[in-house]
Amino acid sequence: MAAKFLSLACIRPNESGNLSPRPHYPSMPKYPKGVVVSSDEEKFVQGSEATAVFSVTGMTCSACAGSVEKAVKRLPGIKEAAVDVLNNRAQCFDLFIGVSDGRDVVLLFDGIGLLEETIRETIEDVGFEASLIKEEMNEKSSLVCRIRIKGMTCTSCSSTVESSLQALHGVQRAQVALATEEAEVRYDPKILTYNQILEAVEDTGFEAILISTEEDRCKIHLHVEGVRSENSMRIIGNSLEALPGVQEMNFDLELNKLSLSYQPDLTGPRNFIEIIESTGSGRYKAKIFPEGESRGSHRAEEIKQYYKSFLWSLVFTIPVFLLSMVFMYIPGIKHGLDTKIVNMLNVGEILRWILSTPVQFIIGRRFYIGAYKALRHGSANMDVLIALGTNAAYFYSVYSVLRAATSPSFESTDFFETSSMLISFILLGKYLEVLAKGKTSEAIEKLMDLAPERATLLTLDSEGNVLSEVEIDSRLIQKNDVMKIVPGAKVACDGFVIWGQSHVNESMITGESRPVAKRKGDVVIGGTLNTNGVLHVKATKVGSESALAQIVRLVESAQMAKAPVQKLADRISKFFVPLVIFLSFSTWFAWFLAGKLNGYPKSWIPSSMDSFQLALQFGISVMVIACPCALGLATPTAVMVGTGVGASQGVLIKGGQALESTHKVNCIVFDKTGTLTVGKPVVVNTRLFKNMVLKEFFELVAAAEVNSEHPLAKAIVEHAKKFRQDEENPVWLEALDFESITGHGVKAVVRNKEVLVGNKSLMVDHNVTISLDAEEILAETEGLAQTGILISIDRELVGIIAISDPLKPGAREVISFLKSMKVRSIVVTGDNWGTANAIAKEVGIDTVIAEAKPEHKAEKVKELQAAGNVVAMVGDGINDSPALVAADVGMAIGAGTDIAVEAADIVLMKSNLEDVITAIDLSRKTFFRIRLNYLWALGYNVLGIPIAAGALFPSAGFRLPPWIAGAAMAASSVSVVCSSLLLKNYKRPKQIDSLAIRGITVE
């Protein structure tokens, strides 16, 4: 029998040396720091984590693993649990309990009270054998921080920052997103601090602002009034240290800011405020520290700055334009402007020089700073092109004016209007670009706005009666608080209903359009809208642990992740600006040389210019028309909008890689149970081969099955309850010598009778004779897409229970629609061949693989990939994890609030199969938009540069003035962002909506 593995890790004692005062088993005393307690005499080290691996024998499927997981999670101190079946050992499940780090999952439990014996006894109580394999100490190896980076203008900027971060010793991974102007850095906290990371970004010439770190997940910042000395800090610190669960404190006396790390299972911010305000005879007052600028406020500030700069540039540029282009043709004004001051220097030139200088050096200062920073680090960006182009026009004009002032015969021609208008149009373009980019991240902002600001806290007595209610800041909600949700109010936190009934609109989280009925015991999600009844909700997940916070983090990470197609823009950006500079100088030199050598007729030269000035205009036009920004924004803006649209429809796409792979999918592998079927099996028929009372029969069967967490076992127990309707929670007969037999069923002794419940193989292995009648009934049951469970008592077959897991409504239509999208569908299941074939026939799938273990599903996925298919795996994210990882795209369906499915690339929040179509269709539409963006960005540069260089001038006499070239450059970036924004109008295929209209959507 294959062994499974349970991995556990524990957080060591707190600063005081004692364990947190949780409920303890009698054998779990509070140990002082450093005391040896484990069997191998390992010492407990402050602030570390320990991993203990248990061998668990007898688990056969995800349900078994789930039963162990649930049992261990009930122990005091367990924080989180998740099943990981990524180990490729035969018939082997690894259960890791704890915090997720990338694709690695470990268990965290607080205090050393959960000793080896307690854990082993708990697992054995569930019906499995367990033994300790190893225990090891480890520190958390990495942290993730998010940084806002101000000043990036193109792909070259983001590449420079990313390269600098990746070169830092201790940085494991760094991603810089131009569209969001943010960086996500995974680093080793033993080698590096986030302050050093911020310094590295600022060394590249950009402003860096810390948004968050993983350390903030269980950290609260309070503003404490009344603290004037270190003594006050010590008094408050001593009071807070007495609270269980307080881990670390930092006080900033200058800002009166207190930062606290804590264990949310034990305490919370409301407790801290109460303690602070009760300390020092009420001298101190505390409240949540005001949040720093959010992404939205940062974007608003950036929009405001560009708008202000553009308006100021117009104040100077419009007069320069009028002096250059309009007033010169009005006789009276022209005479005044042509009035000579010194030699050939006239009034018009002086005015244009004076008006254009503030635009060039004050308003345009940002371009000089950006160019300097880029060149200092050996790269060139858009700012370099703008600075070179405007400087060429401005300083040639200055030279021309000074020469006119010193020469009695030189007639100058200046380009002051070129530099001023260039800067004005570029600022207009940047203003429109940041305005449009702000709309690409609206999805995250809308999600963040879902959380209500205020909530109503209830105080209950021991019998559940309401003693008082008070309105509080929603950030002060703690675990196990009871909140009152009135009609029309948002649910303040994740939790479950303890009183009342209502309908809750969850469309903003799951995409489900119809309100969902909620009554006692039902789970609710924070941020959803209560419609018509009052609910009392007990909080289970608050703050950063809530489903809403996890979704926001997932979408933020998705928008940071680069699609492979982005590599094209990154490669081009490395040589784009140097190439444009080379082409610009080459254009100027070619036209200048042609003019000097009489390579073209003198009539080509405008009357107000000479050959040098004409060549200079062509060179400047080439320099300013080229646009690296459009290339850099083509992919990330489309990915941002696409993932945001997906999130609004309950389809969480984990980044550009997942989007790119999904649009290529031509083969989908479906798990059966819980994916094609509802996942809630029910008993539909019972056939007895021996005269006995049906109630007595189910008493024996339920007594054996009640110890199993398998879905089929649960279905049998639920059916047995119908024979004992007089009891709300019936107590079943005692089952002795219970044994769960891998892949076959269970065995137990009930009322001195040996009861076997399982499949045909179990009966054969125990020499139970199966009659021809029983064989026929089994075949008939499987033909109806039902599972036949055989029951023997004292080695005699006494009955067959037929269990059906109903097909999801609309499954056939979804498979049919996938065929029309040229996507092949396959069923892979651990169920028997008869049931699998019947289900496949019913939904219209031709290829079936049955009786497959989790590792066999992964092998089948690899076979399909080897045959040249791009494979998606759709499963429930538990026993399908190996296949989800092996597939090109893993889709975890029906994840609900449990969105931390590490193995999946796409998480479908609802249990609706049509969301599979939505994911594929949305990815195809997104990548069509990306291709369109690239076509425009590349096509614009490929066509625009030759036109700016004067390619049409000899034949058509068409010349592109530099200021128009600059306007075209600005327009190209705006057009790419606006093209991506069109994805916000995405609508699901009409066929999917017709399924919902016909009532096929699954609740």
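With an unreviewed UniProt entry as reference, the protein is termed HMA domain-containing protein, source organism Rehmannia glutinosa. Under the heading Subcellular location (unreviewed entry), UniProt records this for the protein: "Membrane". Among the UniProt annotations of the protein, the heading Sequence similarities (unreviewed entry) holds the following wording: "Belongs to the cation transport ATPase (P-type) (TC 3.A.3) family. Type IB subfamily."

1. Considerations on a nonpolar patch on the surface
Together, Met325, Val326, Ile330 and Ile333 line one region of the surface with nonpolar side chains, adding up to about 260 Å² of accessible area. For valine 326, the location among the structural elements is in helix α7 (residues 295–326).

2. Remarks on the pairing of strand β38 (residues 871–875)
Along β38, five of the five residues are buried, which leaves the element largely enclosed by surrounding structure. Residues Val871, Met873 and Gly875 line one face of β38 and the alternating positions Ala872 and Val874 line the opposite face, and both faces are buried. With four bridges joining them, β38 and strand β39 (residues 889–893) adopt parallel strand pairing. Within the sheet, the bridge partner assigned to methionine 873 lies in β39 and is glycine 890.

3. Describing the packing of aromatic side chains
Tallied over the full model, the rule gives 24 aromatic pairs. With a centroid separation of 5.9 Å and an interplanar angle of 20°, the aromatic rings of phenylalanine 425 and tryptophan 963 are classed as stacked. Note that phenylalanine 425 is positioned in helix α12 (residues 416–440) and tryptophan 963 in helix α31 (residues 962–981), a separation of 538 residues in sequence. With relative accessibility at 28%, the residue phenylalanine 425 sits in the partly exposed group. A ring pair is formed by phenylalanine 618 and phenylalanine 953, whose centres lie 5.5 Å apart and whose planes are at 70°; its orientation type is edge-to-face. Highlighted residues: phenylalanine 618 in helix α17 (residues 611–625) and phenylalanine 953 in helix α30 (residues 953–956), separated in sequence by 335 residues. Grouping residues by exposure puts phenylalanine 618 and phenylalanine 953 together as buried.

4. A closer look at the nonpolar core
Ranked by size, the top nonpolar core spans 134 residues in total, and within it Ile147, Ile149, Leu165, Ile668, Phe670, Leu818 and Met891 carry the most contacts. In terms of residue count, the dominant contributor to this core is helix α29 (residues 914–948) (12 residues). Once residues lying within four places of it in the same chain are set aside, the contact partners of isoleucine 149 are Val161, Val176, Glu181, Ala183, Val201, Phe206 and Glu207. Leu240, Ala286, Ile288 and Ile472 belong to the second-largest nonpolar core, a separate cluster that totals 34 residues.

5. A closer look at a negative patch on the surface
Where like charges cluster on the molecular surface, the negative patch consists of Glu121, Glu124, Asp125 and Glu129. Take glutamate 121: it is sitting in helix α2 (residues 116–126).

6. Focus: the packing of helix α16 (residues 566–596) against α29
Packed helix pairs are specified by the crossing angle of their axes together with the interaxial distance, meaning the distance between the axes. The N-to-C vectors of α16 and α29 enclose an angle of 15°; their axes lie 13 Å apart at closest approach. Put simply, α16 runs roughly parallel to α29. The hand of the α16/α29 crossing is left-handed. Two secondary-structure elements touch here, α16 through Gln566, Leu568, Ala569, Ile572, Phe576, Val580 and Leu583 and α29 through Tyr934, Leu938, Asn941 and Ile945. Partitioned by chemical class, the residues of the contact of α16 with α29 number nine nonpolar, two polar and no charged.

7. Remarks on the UniProt feature "transmembrane region" (unreviewed entry) in the protein
Within the UniProt annotation, "transmembrane region" (unreviewed entry) is assigned to residues 309–330, 350–368, 380–399, 419–436, 575–594, 614–634, 934–957 and 963–983. In residues 380–399, the share of helix is 90% and the share of strand is 0%. The end C-alpha atoms are 27 Å apart. Taken as a whole, residues 614–634 contains 90% helix and 0% strand, while its terminal C-alpha atoms sit 34 Å from one another.

8. Details of the environment of asparagine 933
Examined against the element boundaries, asparagine 933 turns out to sit in helix α29. In terms of polar contacts, asparagine 933 uses its side chain to reach the side chain of serine 979, at 2.7 Å. Within the structure, the side chain of asparagine 933 is placed 2.9 Å from the side chain of serine 980, a separation counted as a polar contact.

9. A word on the sheet that holds strand β24 (residues 516–518)
Overall, antiparallel pairing links the three strands, which are arranged β24-β23-β26 in an open sheet. Edge positions in the sheet fall to β24 and β26 (529–530), since each has one partner strand and no second. Where strand β23 (residues 502–505) lies against β24, three bridges are found, and the strand directions are antiparallel. Bridged to serine 502 within β24 is lysine 518.

10. What about the sheet that holds strand β25 (residues 523–524)?
With antiparallel pairing, six strands are arranged side by side in an open sheet as β20-β19-β21-β27-β22-β25. With partners counted over all chains shown, the strands left at the sheet margins are β20 (466–473) and β25, one partner each. Across five bridges, the pairing between strand β22 (residues 494–499) and strand β27 (residues 535–541) is antiparallel. Directly across from glycine 495, in β27, lies its bridge partner alanine 539.

11. As for the confidence of the model for the protein
In the predicted model, the protein carries a mean pLDDT of 79, and the fraction of residues at 70 or more is 81%. Model confidence for the protein, summarised as mean pLDDT per element, is weakest for strand β6 (residues 104–105) at 30 and strongest for helix α9 (residues 347–363) at 93. Contacts of residues 134–140 to residues separated by more than four positions or lying in other chains number 30 contacts, the stretch itself having pLDDT below 50.

12. A look at helix α22 (residues 711–720)
Among the residues of α22, those classed as buried are Ala713, Ala715, Ile716, Val717, His719 and Ala720. Tucked into the core, α22 has its buried residues touching β30 (682–688), α21 (694–705), β33 (753–758), β34 (786–793) and β35 (796–804).

13. Observations regarding the side chain of serine 979
Among the structural elements, serine 979 can be located in helix α31. The residues contacting serine 979, other than those within four sequence positions of it, are Arg929 and Asn933.

14. Considerations on the packing of helix α3 (residues 155–166) against α16
Here α3 crosses α16 at 95°, and the two axes come no closer than 9 Å. One finds that α3 runs roughly perpendicular with respect to α16. Contact residues: α3 offers Thr155, Ser156 and Ser159, while α16 offers Gln566, Ala569, Asp570 and Ser573. Taken together, the residues of the contact of α3 with α16 sort by class into one nonpolar, five polar and one charged.

15. Re the pattern of salt bridges
Using the criterion set out here, one finds 22 salt bridges in the structure. Between glutamate 184 and arginine 146 there is a salt bridge whose closest N-O contact spans 2.7 Å. Of this pair, glutamate 184 sits in strand β11 (residues 182–187) while arginine 146 sits in strand β9 (residues 143–150); the two residues are 38 residues apart in sequence, bridging distant segments of the chain. Taken individually, glutamate 184 and arginine 146 each receive the classification buried, so the pair is uniform in this respect. Its salt-bridge partner being aspartate 481, residue arginine 270 comes within 2.7 Å of it at the nearest N-O pair. Separated by 211 residues along the polypeptide, arginine 270 in helix α6 (residues 269–278) and aspartate 481 in the loop between β20 and β21 (482–485) bring together distant segments of the chain. For the pair formed by arginine 270 and aspartate 481, the shared burial category is buried. One network of salt bridges, with partners in common, ties together Arg146, Arg173, Glu182 and Glu184.

Calculation rules
- The residue numbers shown here count from 1 along each chain, following its written sequence.
- Selection of residues for local features in this predicted model requires a pLDDT of at least 70, selection of side-chain atom pairs for listing and counting requires 80 or more, and totals for whole chains, interfaces and linings are taken over all residues.
- Calculation of side-chain values draws on the structure's entire complement of heavy atoms; hydrogens and water are dropped beforehand.
- UniProt positions are given in the numbering used here, feature names are shortened, and annotations may be inferred rather than shown by experiment.
- Candidates for patches are residues over 30% relative accessible area with no salt bridge; among them, like charges are joined within 9 Å and nonpolar side chains (Val, Leu, Ile, Met, Phe, Trp, Tyr) within 5 Å.
- Reported accessibility uses the Shrake-Rupley method at a 1.4 Å probe radius. Residues are deemed covered only where the shown protein chains occlude them.
- The salt bridge criterion pairs a side-chain nitrogen of Lys or Arg with a carboxyl oxygen of Asp or Glu, the two atoms within 4 Å.
- In this text, helices come from DSSP runs of H or I with a minimum length of four residues, and strands from runs of E with a minimum of two, each type numbered from the N-terminal end.
- The cut-offs for exposure are 20% and 50% of the maximum accessible area for each residue type, with area from a 1.4 Å probe on protein chains only; residues under the lower value are buried, those over the upper are exposed, and the others partly exposed.
- A strand pair is defined by DSSP finding two or more bridges across the two strands.
- Only centres within 6.5 Å qualify two rings of Phe, Tyr or Trp (six-membered ring in Trp) as a pair; their planes then separate them into stacked at under 30 degrees, edge-to-face at over 60, and tilted for everything else.
- Remark: nonpolar core denotes a set of buried residues (Ala, Val, Leu, Ile, Met, Phe, Trp, Tyr, Cys) joined through side-chain atoms within 4.5 Å.
- The criterion used for residue contact is that any of the two residues' heavy atoms lie within 4.5 Å.
- Neither His nor the chain termini are counted; the positive set is Lys and Arg, and the negative set is Asp and Glu.
- Positions of charges follow a simple convention, taking NZ of Lys, CZ of Arg, CG of Asp or CD of Glu.
- A fitted line through C-alpha atoms serves as each axis, taken over the contacting stretch for helices, and the angle formed by two N-to-C directions is quoted from 0 to 180°.
- By the definition adopted for this analysis, an angle is roughly parallel if under 35 degrees, roughly antiparallel if over 145, roughly perpendicular if from 65 to 115, and oblique otherwise.
- Each helix crossing is assigned a hand: it is left-handed if the near helix lies turned anticlockwise from the far helix by less than a right angle, otherwise right-handed if that turn is clockwise.
- Note that Gly is not counted as nonpolar here; it falls among the polar residues with everything else outside the nonpolar set of Ala, Val, Leu, Ile, Met, Phe, Trp, Tyr, Cys and Pro and the charged set of Asp, Glu, Lys and Arg.
- Pairs of N or O atoms are called polar contacts if they sit within 3.5 Å, as long as, within protein, a hydrogen donor faces a hydrogen acceptor (for residues adjacent in sequence, only side-chain-to-side-chain pairs).
- Note on scores: pLDDT gives the predictor's confidence for each residue, bounded by 0 and 100.

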